Amino acid sequence: MSDHEFVSHFDDAVRIDADEAPTGIDETTLAEMRELAGRYPDSRSALMPMLHLVQSVDGRVSDAGVRACAEILGISTAQVNGVATFYTMFKRRPGGKQHIGVCTTALCAVLGGDILLDHVERRLGIGEGETTPDGMFSLERLECNAACDFAPIMTVNWEFMDNMTPDKADRLLDELAAGDVVRTPRGAPNPRGRAAAPVLAGFDDGRADEGPSAGESSLRGVECAREHGWSAPAEPALGPSSGEREAR
Ligand code: FES
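The rules we used
Residues numbered from 1 in each chain as written. Predicted model: local features only at pLDDT ≥ 70, side-chain atom pairs only at ≥ 80, totals over all residues. Core = buried A, V, L, I, M, F, W, Y, C linked by C-beta atoms within 7 Å. Buried ≥ 20, exposed ≤ 12 C-beta atoms within 10 Å, placed from the backbone. Helix = DSSP H or I, 4+ residues; strand = E, 2+ residues; numbered from the N terminus. Contact = placed C-beta atoms within 7 Å. Arc of directions from axis to C-beta. Axes fitted to C-alpha atoms, helices over the stretch in contact; angles between N-to-C directions. Left-handed = near helix turned anticlockwise from the far one by under 90°. Nonpolar A, V, L, I, M, F, W, Y, C, P; charged D, E, K, R; others polar. Pairing = 2+ DSSP bridges.

A. Region of the structure containing the nonpolar core. Ile100, Val102, Leu116, Val120, Ile153 and Met154 are the most contacted members of the largest nonpolar core, which has 23 residues in total. Among the elements that line this core, the one with the most residues is helix H6 (residues 113-124), at four residues. Excluding its chain neighbours within four sequence positions, the residues that come into contact with Ile100 are Val120, Phe137, Ser138, Leu139, Met154 and Val156. Counting 18 residues, the second largest nonpolar core, distinct from the first, contains Ala37, Leu47, Leu73 and Val80.

B. Structural detail: helix H3 (residues 63-73). Looking only at H3, the buried set comprises Gly65, Val66, Ala68, Cys69 and Leu73. Each buried residue of H3 sits inside an arc of 165° when the element is viewed along its axis, so together they form one side. Those residues of H3 hidden inside the fold are in contact with helix H1 (27-37), helix H2 (47-58) and helix H4 (77-86). Positive backbone phi, at 70°, marks Gly74, one or two positions downstream of H3.

C. Main features of unusual backbone geometry. Residue Pro152 follows Ala151 across a cis peptide bond; omega there is -5°. In this fold, Pro152 is placed in the loop between strand S2 (137-142) and strand S3 (154-156). Positive phi is not limited to glycine here, since Asn157 has a value of about 50°. Looking at the element boundaries, Asn157 is found in the loop between S3 and strand S4 (159-161). You can call Asn157 buried: it has 22 C-beta atoms within 10 Å. With phi around 75°, Trp158 is a residue other than glycine that occupies positive phi space. Inspection of the secondary structure puts Trp158 in the loop between S3 and S4. Residue classification places Trp158 among the partly exposed residues on the basis of 17 C-beta atoms within 10 Å.

D. How the structure looks around the environment of His52. Assignment of secondary structure puts His52 in helix H2. A count of 22 C-beta atoms within 10 Å places His52 in the buried class. Residues His52 and Ala84 lie 32 residues apart in sequence; the distance between their C-alpha atoms is 9.6 Å.

E. Spotlight on the packing of H6 against helix H7 (residues 166-177). Running from amino to carboxyl end, H6 crosses H7 at an angle of 35°, the nearest separation of the two axes being 10 Å. Here the hand of the crossing between H6 and H7 comes out right-handed. Of the residues in H7, those touching H6 at Ile115, Leu116, His119, Val120 and Arg123 are Pro166, Ala169, Asp170 and Leu173. Split by residue class, the contact of H6 with H7 holds six nonpolar, one polar and two charged.

F. The sheet that holds strand S1 (residues 98-103), seen in detail. The strand order across the open sheet built from four strands is S2-S1-S3-S4, with neighbouring strands paired in mixed fashion. Unpaired on one side and paired on the other, S2 and S4 mark the two borders of the sheet. Within the sheet, the average angular offset between the axes of one strand and its neighbour, ignoring direction, is 25°. Pairing analysis gives six bridges linking S1 to S2, with the strands arranged parallel. When the sheet's bridge partners are listed, Gly101 is paired in S2 with Glu140. Of the strands in this sheet, S1, S2 and S3 touch H6, which is tilted by about 150° from S1.

G. Here's a closer look at the pairing of S1. For S1, a buried count of six out of six residues is recorded, marking the element as mostly surrounded by other parts of the structure. Burial along S1 is two-sided: the residues Gln98, Ile100 and Val102 and His99, Gly101 and Cys103 are all buried. Bridging between S1 and S3 involves three bridges; their strand directions are antiparallel. Bridge pairing links Val102 to Met154 in S3.

See the structure below:
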(Lines give C-alpha, C1' and ligand atoms only; values in the text may rest on other atoms or scores of the structure.)
Protein backbone atom coordinates (compact mmCIF):
# COMPACT_ATOMS: atom_id res chain seq x y z
CA MET A 1 0.00 0.00 0.00
CA SER A 2 1.43 3.41 -0.94
CA ASP A 3 1.73 6.23 1.60
CA HIS A 4 -1.07 8.08 -0.18
CA GLU A 5 -3.62 5.29 -0.29
CA PHE A 6 -6.84 6.21 1.55
CA VAL A 7 -7.82 3.93 4.39
CA SER A 8 -11.35 4.14 5.81
CA HIS A 9 -12.00 3.25 9.43
CA PHE A 10 -15.74 3.87 9.18
CA ASP A 11 -16.49 0.16 9.25
CA ASP A 12 -15.18 0.12 12.82
CA ALA A 13 -17.08 3.23 13.91
CA VAL A 14 -20.25 3.10 15.96
CA ARG A 15 -23.08 4.07 13.64
CA ILE A 16 -25.17 6.94 14.92
CA ASP A 17 -28.39 5.09 14.09
CA ALA A 18 -27.33 1.69 15.42
CA ASP A 19 -30.87 1.16 16.66
CA GLU A 20 -32.18 -2.32 15.91
CA ALA A 21 -35.88 -1.46 16.27
CA PRO A 22 -37.89 -2.89 13.37
CA THR A 23 -39.28 -0.53 10.78
CA GLY A 24 -42.99 0.10 10.41
CA ILE A 25 -42.63 1.23 6.80
CA ASP A 26 -45.06 -0.82 4.76
CA GLU A 27 -46.70 -0.63 1.35
CA THR A 28 -49.06 2.12 2.55
CA THR A 29 -46.13 4.26 3.69
CA LEU A 30 -44.28 3.65 0.45
CA ALA A 31 -47.36 4.69 -1.52
CA GLU A 32 -47.60 7.88 0.56
CA MET A 33 -43.91 8.57 -0.05
CA ARG A 34 -44.44 8.17 -3.80
CA GLU A 35 -47.43 10.51 -3.57
CA LEU A 36 -45.25 13.14 -1.88
CA ALA A 37 -42.56 12.72 -4.52
CA GLY A 38 -45.20 13.30 -7.22
CA ARG A 39 -46.27 16.63 -5.75
CA TYR A 40 -43.13 18.48 -6.85
CA PRO A 41 -41.81 19.35 -10.33
CA ASP A 42 -38.44 18.06 -9.10
CA SER A 43 -39.25 14.99 -6.98
CA ARG A 44 -36.14 15.56 -4.89
CA SER A 45 -37.91 18.53 -3.29
CA ALA A 46 -40.09 15.99 -1.48
CA LEU A 47 -37.21 14.68 0.60
CA MET A 48 -37.94 16.65 3.76
CA PRO A 49 -41.68 15.84 3.81
CA MET A 50 -40.76 12.20 3.16
CA LEU A 51 -38.38 12.22 6.12
CA HIS A 52 -41.15 13.64 8.34
CA LEU A 53 -43.34 10.77 7.15
CA VAL A 54 -40.64 8.21 7.95
CA GLN A 55 -40.30 9.76 11.39
CA SER A 56 -44.05 9.53 11.96
CA VAL A 57 -43.96 5.80 11.25
CA ASP A 58 -40.70 4.76 12.91
CA GLY A 59 -40.38 7.46 15.59
CA ARG A 60 -37.04 8.34 14.03
CA VAL A 61 -35.39 8.51 10.62
CA SER A 62 -34.66 4.82 10.31
CA ASP A 63 -32.21 3.12 7.98
CA ALA A 64 -35.14 1.54 6.15
CA GLY A 65 -36.69 4.99 5.72
CA VAL A 66 -33.45 6.42 4.36
CA ARG A 67 -33.19 3.60 1.84
CA ALA A 68 -36.82 4.03 0.77
CA CYS A 69 -36.35 7.80 0.25
CA ALA A 70 -33.20 7.21 -1.79
CA GLU A 71 -34.84 4.57 -3.95
CA ILE A 72 -38.00 6.57 -4.68
CA LEU A 73 -36.12 9.80 -5.40
CA GLY A 74 -33.27 8.19 -7.32
CA ILE A 75 -30.57 9.67 -5.10
CA SER A 76 -27.95 8.09 -2.85
CA THR A 77 -28.48 7.16 0.80
CA ALA A 78 -25.56 9.50 1.57
CA GLN A 79 -27.54 12.40 0.12
CA VAL A 80 -30.59 11.45 2.19
CA ASN A 81 -28.45 11.13 5.31
CA GLY A 82 -26.89 14.51 4.57
CA VAL A 83 -30.32 16.16 4.85
CA ALA A 84 -31.54 13.99 7.75
CA THR A 85 -28.50 14.81 9.88
CA PHE A 86 -28.44 18.53 9.01
CA TYR A 87 -31.90 19.46 10.33
CA THR A 88 -32.44 19.06 14.06
CA MET A 89 -36.12 18.15 13.66
CA PHE A 90 -35.06 14.84 12.15
CA LYS A 91 -34.09 12.35 14.86
CA ARG A 92 -31.86 9.33 14.40
CA ARG A 93 -32.95 7.78 17.68
CA PRO A 94 -36.50 7.26 18.94
CA GLY A 95 -37.84 10.23 20.87
CA GLY A 96 -40.29 10.18 23.76
CA LYS A 97 -44.05 9.94 23.43
CA GLN A 98 -44.06 13.58 24.48
CA HIS A 99 -41.27 15.59 22.89
CA ILE A 100 -40.49 18.65 25.00
CA GLY A 101 -38.63 21.67 23.66
CA VAL A 102 -37.32 24.65 25.62
CA CYS A 103 -36.17 27.77 23.81
CA THR A 104 -32.99 29.38 25.11
CA THR A 105 -32.36 31.89 22.31
CA ALA A 106 -31.97 35.59 23.16
CA LEU A 107 -35.37 36.77 24.34
CA CYS A 108 -36.39 33.49 25.96
CA ALA A 109 -32.96 33.35 27.65
CA VAL A 110 -33.35 36.86 29.03
CA LEU A 111 -36.76 35.91 30.44
CA GLY A 112 -35.63 32.63 32.01
CA GLY A 113 -35.26 30.07 29.21
CA ASP A 114 -32.00 28.63 30.57
CA ILE A 115 -33.43 28.39 34.09
CA LEU A 116 -36.46 26.65 32.62
CA LEU A 117 -34.36 24.15 30.67
CA ASP A 118 -32.26 23.43 33.74
CA HIS A 119 -35.42 22.89 35.78
CA VAL A 120 -36.98 20.53 33.20
CA GLU A 121 -33.73 18.55 32.94
CA ARG A 122 -33.64 18.02 36.69
CA ARG A 123 -37.35 17.29 36.84
CA LEU A 124 -37.18 14.63 34.08
CA GLY A 125 -33.73 13.36 35.07
CA ILE A 126 -32.44 13.66 31.51
CA GLY A 127 -30.31 16.12 29.58
CA GLU A 128 -31.10 17.74 26.26
CA GLY A 129 -31.15 15.21 23.43
CA GLU A 130 -32.10 12.38 25.80
CA THR A 131 -35.22 10.29 26.42
CA THR A 132 -36.54 9.09 29.77
CA PRO A 133 -36.08 5.33 30.35
CA ASP A 134 -39.85 4.76 30.17
CA GLY A 135 -39.95 6.43 26.73
CA MET A 136 -42.47 9.01 27.92
CA PHE A 137 -40.44 12.22 27.49
CA SER A 138 -37.61 13.43 25.31
CA LEU A 139 -36.05 16.85 25.67
CA GLU A 140 -34.55 19.30 23.22
CA ARG A 141 -32.99 22.75 23.51
CA LEU A 142 -34.65 24.92 20.86
CA GLU A 143 -33.43 27.84 18.84
CA CYS A 144 -35.86 30.75 18.45
CA ASN A 145 -39.28 29.45 17.46
CA ALA A 146 -40.55 32.87 16.36
CA ALA A 147 -42.74 33.06 19.43
CA CYS A 148 -40.62 35.67 21.23
CA ASP A 149 -43.71 37.68 22.22
CA PHE A 150 -44.61 34.77 24.53
CA ALA A 151 -41.12 34.16 25.94
CA PRO A 152 -39.96 32.01 27.48
CA ILE A 153 -41.64 29.25 25.51
CA MET A 154 -41.74 25.49 25.75
CA THR A 155 -43.13 23.21 23.10
CA VAL A 156 -44.92 19.89 23.48
CA ASN A 157 -44.71 17.99 20.21
CA TRP A 158 -44.16 21.35 18.50
CA GLU A 159 -47.26 23.01 19.97
CA PHE A 160 -46.45 26.20 21.88
CA MET A 161 -46.73 26.58 25.62
CA ASP A 162 -46.40 30.31 26.27
CA ASN A 163 -44.90 32.43 29.05
CA MET A 164 -43.58 29.41 30.90
CA THR A 165 -42.21 29.28 34.43
CA PRO A 166 -40.72 26.32 36.32
CA ASP A 167 -44.00 25.94 38.26
CA LYS A 168 -46.08 25.95 35.08
CA ALA A 169 -43.65 23.44 33.54
CA ASP A 170 -44.10 21.12 36.54
CA ARG A 171 -47.88 21.22 36.20
CA LEU A 172 -47.67 20.62 32.47
CA LEU A 173 -45.32 17.64 32.84
CA ASP A 174 -47.59 16.18 35.55
CA GLU A 175 -50.59 16.45 33.23
CA LEU A 176 -48.71 14.89 30.33
CA ALA A 177 -47.42 12.03 32.49
CA ALA A 178 -50.98 11.37 33.71
CA GLY A 179 -52.26 11.31 30.13
CA ASP A 180 -54.48 14.33 30.71
CA VAL A 181 -55.69 16.45 27.82
CA VAL A 182 -53.33 19.40 27.63
CA ARG A 183 -54.58 22.63 26.22
CA THR A 184 -52.26 24.83 24.21
CA PRO A 185 -52.83 28.59 24.40
CA ARG A 186 -52.63 28.79 20.60
CA GLY A 187 -53.20 26.12 18.00
CA ALA A 188 -54.93 22.76 18.30
CA PRO A 189 -56.46 22.16 21.79
CA ASN A 190 -54.57 18.94 22.37
CA PRO A 191 -51.03 18.44 21.03
CA ARG A 192 -51.04 15.76 18.39
CA GLY A 193 -48.04 13.88 19.74
CA ARG A 194 -46.30 11.83 17.07
CA ALA A 195 -49.40 12.29 14.96
CA ALA A 196 -48.01 15.78 14.19
CA ALA A 197 -45.38 14.27 11.91
CA PRO A 198 -47.72 13.30 9.03
CA VAL A 199 -49.06 16.87 9.12
CA LEU A 200 -45.50 18.16 8.78
CA ALA A 201 -45.10 15.74 5.89
CA GLY A 202 -48.02 17.41 4.14
CA PHE A 203 -51.01 15.19 4.96
CA ASP A 204 -53.72 17.50 6.29
CA ASP A 205 -55.55 16.26 9.39
CA GLY A 206 -58.16 19.04 9.18
CA ARG A 207 -57.10 20.57 12.49
CA ALA A 208 -55.10 23.55 11.19
CA ASP A 209 -57.76 26.08 12.17
CA GLU A 210 -58.53 24.66 15.61
CA GLY A 211 -57.96 27.05 18.49
CA PRO A 212 -56.77 30.65 18.35
CA SER A 213 -53.91 31.26 15.93
CA ALA A 214 -52.63 34.50 17.46
CA GLY A 215 -52.34 35.52 21.10
CA GLU A 216 -52.97 38.88 22.75
CA SER A 217 -49.30 39.94 22.70
CA SER A 218 -49.06 39.39 18.96
CA LEU A 219 -52.16 41.43 18.27
CA ARG A 220 -51.42 44.35 20.60
CA GLY A 221 -49.81 46.47 17.85
CA VAL A 222 -52.82 45.97 15.58
CA GLU A 223 -55.21 46.98 18.37
CA CYS A 224 -53.11 50.04 19.18
CA ALA A 225 -53.14 51.08 15.52
CA ARG A 226 -56.92 50.64 15.37
CA GLU A 227 -57.44 52.74 18.52
CA HIS A 228 -55.40 55.58 17.05
CA GLY A 229 -56.71 55.25 13.52
CA TRP A 230 -53.24 54.49 12.19
CA SER A 231 -52.75 52.69 8.93
CA ALA A 232 -49.79 51.67 6.81
CA PRO A 233 -48.71 54.25 4.22
CA ALA A 234 -49.90 53.55 0.70
CA GLU A 235 -47.45 51.65 -1.41
CA PRO A 236 -45.57 53.90 -3.82
CA ALA A 237 -46.50 53.31 -7.44
CA LEU A 238 -43.91 51.07 -9.04
CA GLY A 239 -42.28 52.11 -12.30
CA PRO A 240 -41.99 49.72 -15.20
CA SER A 241 -39.71 46.73 -14.69
CA SER A 242 -36.38 46.59 -16.53
CA GLY A 243 -37.91 44.00 -18.88
CA GLU A 244 -40.83 46.32 -19.66
CA ARG A 245 -38.47 49.21 -20.27
CA GLU A 246 -36.41 47.14 -22.67
CA ALA A 247 -39.55 46.08 -24.53
CA ARG A 248 -40.50 49.71 -25.26
S1 FES B 1 -36.23 33.66 21.46
FE2 FES B 1 -37.51 32.02 22.10
S3 FES B 1 -39.10 32.07 20.64
FE4 FES B 1 -37.79 33.64 19.97
